[in-house]
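Overview (structure and organization)
So you can see what is in the structure, the chains are spelled out below.
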Amino acid sequence: MSNVAIVLFGELGLDRAAQGVAGAAQGLKAAGAGDVTAVVVGSAADGMADGLAQLVDRVVVVSDPALEDYQPETALQALSQVLPGVGATTVLLGNDIYSQEITPRLAARLGGSSLADAMEVTVEGDSVRATRSAYGGKALAVYELKRSPAVVWVRARALEPGLPTGGQAAVDERAVQITAPGLAIVERKAEAQEGVRLEDAQVIVSGGRGLGGPEPFEVLRGLADAMGAEMGASRAACDAGWVPGSWQVGQTGKKVAPELYVAIAISGASQHLLGMGDSKVIAAVNTDGDAPIFKHCSFGIVEDYKNVVPRLTEKVAELRK
Ligand code: FAD
C-alpha cells in the first residue's frame, strides 16, 4: 500500500509535467506522507516506465486496448479499479488536458475530494492541504481536502522535477475490465507538429488581439526564429482564426512554463495568465501602460509592437550571430 499515487498517461510520456508531478509526490514522501506509486494509464511511452521506476516506489501500468485512445470514461473505469488497491490518501495529477478533465470525476468515483490548479500540496497526519492562487494572483488560498482520497491536479511544469531515488522500482502490468463507453471516436485529426511542443518550449513569443490580424504573426515569427522560440497566442487571436487553436495559451489552452515568455499585444487577462504565469521571465510589449500584463512581467515596453518587434528581431539576430 502507498499513501501517495500519481496518475500519468502513457501516451504523454515522462515529459516535464510528469516529472513535476513525480517531484511533488517525492516532496510529500520526504515529509512523511508514505510511499509513492505511479499509475500509468495506457501503454507507457518508450522509456517512461523505466524512467518512473527511478523516481517512485512502485509503477503500475494499466494497459488495455480500450485505453490506447484516450477517453475520459475508459480512463476513469481503469483508475477506479486500480487506485483503491493502491490505497493512496493523496492522488496527484498534472495540468495536461486529460488530467484536468478527469480529476473531479475521479474524486467523485473514489468518494474523495478534488481540487484544481494547486501550486503546492502538503500532508500532515490525516490532513491534506493544497495551495492555489486566488483573485488573479493577488492572494493565495489554502484548502483542506476533507474527504479521502484527496485528488488534485497540480501546476506540474512549474514544480521541481523528481530526482532519481537511487533505486529501481518494480513495474507491474495491471489488467482491467473496461465496458464500452456510450460514445465512440469516429474520426481523429492529428495536428501537424512542428518543432518543440509548446509545453516543453524554453522560449515562447506569443501574440494577441492587439496585433489586429494574421499578417503581424509573420512579423512575430521573425522574432521567434531569431530567438529560437516557439509561437503562442491568446485565445482572442486563436478564436479570430488568425493562428491555429493549438497555439492558445491559458486556462482553456496550453499550460506553459518557459524560461522566457514574450507577450506581444496581449492584455494579460486572468485566463491567459493561468496558462503562462509560471514562466521564469515574462516580457511584454503593449501600447497600454495600464495593461494587466505589466503587473506580472519583469520587462515591459509601452509601445506599438510595429516599432519594437522588427528592431528587437534585428538586435537578437545580431547578438546570436
Ligand atoms: P485584449 O484583451 O483585447 O488585449 C489586446 C491588447 O493589445 C491590449 O492590451 C492593447 O492595449 C494591446 N494593443 C493593441 N494594439 C497594440 C499595438 N499596436 N501594439 C502593442 N499592443 C497593442 N484567453 C486566453 O488567452 N487563453 C485562454 O485559455 C482563455 N480561456 C478563457 C476561458 C474562459 C472561461 C473565458 C471566459 C475567457 C478565456 N480567455 C482566455 C479570454 C480572456 O478573458 C481574454 O479575453 C483574452 O485573453 C484576451 O486576449 P488578448 O489579450 O489578446 O486581447
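As a reminder, the structure under discussion sits directly above these lines.
Quick caveat, the model's predicted, so the values are computed rather than measured. (Residues numbered from 1 in each chain as written. Predicted model: local features only at pLDDT ≥ 70, side-chain atom pairs only at ≥ 80, totals over all residues. Heavy atoms only, no water.)

**Some thoughts on the nonpolar core**
Stated precisely, the cut-off is as follows: Think of a nonpolar core as a cluster: buried Ala, Val, Leu, Ile, Met, Phe, Trp, Tyr and Cys residues, connected wherever their side-chain atoms sit within 4.5 Å. Buried, partly exposed and exposed residues are distinguished by accessible area as a fraction of the type maximum, computed with a 1.4 Å probe on protein chains only: under 20%, between the cut-offs, and over 50%, respectively. Only DSSP runs of H or I reaching four residues or more are called helices, and only runs of E reaching two or more are called strands; each is numbered from the N terminus.
In this structure, Ile 6, Leu 52, Leu 92, Val 121, Val 152 and Val 154 are the most contacted members of the largest nonpolar core, which totals 35 residues. Residue contributions to this core peak at six residues, all from helix H1 (residues 16-30). Val 7, Ala 88, Ala 107 and Val 176 belong to the second largest nonpolar core, which has 28 residues in total.

**What to know about the pattern of salt bridges**
Pairs can form between side chains of opposite charge once their charged atoms are near each other. Heads up, the rule is: In the sections that follow, a salt bridge refers to a side-chain nitrogen of Lys or Arg positioned within 4 Å of a carboxyl oxygen of Asp or Glu.
Across all of its chains, the model carries 17 salt bridges by this definition. Among the ionic pairs, Lys 29 bridges to Asp 35, the shortest N-O distance being 3.5 Å. For Asp 35, a relative accessible area of 36% gives the class partly exposed. Each member of the salt-bridge network shares a partner with another, and the members are Asp 15, Arg 157, Arg 197 and Asp 200.

**Brief notes about the site of the ligand**
For clarity, the cut-off: Distances are taken per atom, and a residue is near a molecule or strand as soon as one of its heavy atoms is within 4 Å of it. Polar contacts, as counted here, are pairs of nitrogen or oxygen atoms within 3.5 Å of one another; within protein the pair requires one atom able to donate a hydrogen and one able to accept it, and residues that are adjacent in sequence qualify only if both atoms are side-chain atoms. Working definition of accessibility: Shrake-Rupley area with a 1.4 Å probe, residue cover restricted to the visible protein chains. Basically, the charged four are Asp, Glu, Lys and Arg, the nonpolar ten are Ala, Val, Leu, Ile, Met, Phe, Trp, Tyr, Cys and Pro, and anything else, Gly included, counts as polar.
Near the ligand lie 24 residues; those nearest to it are Arg 209, Ser 234, Thr 252, Ser 267 and Asn 286. The side chain of Ser 234 places a nitrogen or oxygen atom 2.6 Å from an oxygen atom of the ligand. At a separation of 2.7 Å, an oxygen atom of the ligand approaches a polar side-chain atom of Asn 286. Relative to its free-state accessible area of 990 Å², the ligand is covered by the protein chains to the extent of 75%. When residues of the shell around the ligand are traced back to their parent elements, those giving at least two are helix H6 (235-239) and helix H7 (270-276). Taken together, the residues of the shell around the ligand break down into six nonpolar, 13 polar and five charged.

**Details of the sheet that holds strand S8 (residues 139-145)**
Heads up, the rule is: Two strands make a pair as long as DSSP finds a minimum of two bridges between them. Here the axes come from fitting lines to C-alpha atoms, over the contacting stretch only for helices, and the angles between their N-to-C directions go from 0 to 180 degrees.
Pairing is antiparallel across the open sheet formed by three strands, whose spatial order is S6-S7-S8. In this open sheet, the two strands that pair with only one neighbour each are strand S6 (120-124) and S8. Within this sheet the neighbouring strands show an average axis-to-axis angle of 25°, counted without direction. When S6 meets strand S7 (residues 127-134), the two strands line up antiparallel, connected through five bridges. Paired with Glu 120 across the bridge in S7 is Thr 131.

**Focus on unusual backbone geometry**
Geometrically, the link from Ser 148 to Pro 149 is a cis peptide bond, its omega value of 0° lying close to zero. The residue Pro 149 is located in the loop between S8 and strand S9 (150-154) in this model. A positive phi is found at Asp 117, a non-glycine position, where the angle reads about 60°. A residue is classified by how much of its surface remains accessible, and Asp 117, at 8% relative accessible area, is buried. Here the phi dihedral of Ala 265 falls at roughly 60°; this positive angle occurs in a residue that is not glycine. Structurally, Ala 265 is set in the loop between strand S13 (260-264) and H7.

**Here we look at helix H4 (residues 97-110)**
Operational definition: Every helix has an expected span of 1.5 Å times one less than the residues it contains. The reported bend at a residue is simply the angle between two axes, fitted to the 7 residues ending at it and to the 7 residues beginning with it.
Taking 1.5 Å per residue, 14 residues should reach 20 Å; H4 reaches 20 Å between its end C-alpha atoms and fits that length. At Thr 103, H4 shows its largest kink, close to 40°, and the proline Pro 104 lies no more than four residues downstream. When H4 is considered as a whole, its buried residues turn out to be Tyr 98, Ser 99, Gln 100, Ile 102, Thr 103, Leu 106, Ala 107 and Leu 110. Backbone nitrogen of Tyr 98 and a side-chain oxygen of the N-cap are separated by 3.2 Å at the start of H4; the cap is Asp 96. A positive phi of about 75° marks Gly 111, the residue just after H4.

**Considerations on the environment of Ala 169**
Heads up, the rule is: The contact criterion used is simple: two residues touch if any of their non-hydrogen atoms lie within 4.5 Å.
With respect to the helices and strands, Ala 169 occurs in the loop between S9 and strand S10 (170-174). Given the relative accessible area of 13%, Ala 169 is considered buried. Considering only alpha carbons, one finds Ala 169 and Thr 37, 132 residues apart in sequence, at a separation of 9.4 Å. Residues contacting Ala 169, with those up to four places away along its chain left out, are Ala 53, Val 56, Asp 57 and Arg 58.

**Here's the deal with the packing of aromatic side chains**
Stated formally: Aromatic rings from Phe, Tyr and Trp, with only the six-membered ring used for Trp, were paired whenever their centres fell within 6.5 Å, and each pair was classed as stacked if the ring planes differed by under 30 degrees, edge-to-face if by over 60, and tilted otherwise.
In the structure shown here, the tally under the stated rule is four aromatic pairs. Aromatic side chains Phe 9 and Tyr 70 sit 5.6 Å apart centroid to centroid with 90° between the ring planes, which places their arrangement in the edge-to-face category. Of this pair, Phe 9 sits in strand S1 (residues 4-9) while Tyr 70 sits in the loop between strand S3 (58-62) and helix H3 (72-86), placing them 61 residues apart in sequence. Just as Phe 9 is buried, Tyr 70 falls in that class too. Aromatic pair Tyr 70 and Tyr 98: ring centres 3.7 Å apart, planes at 10°, arrangement stacked.

These figures come from the coordinates and say nothing about function on their own.
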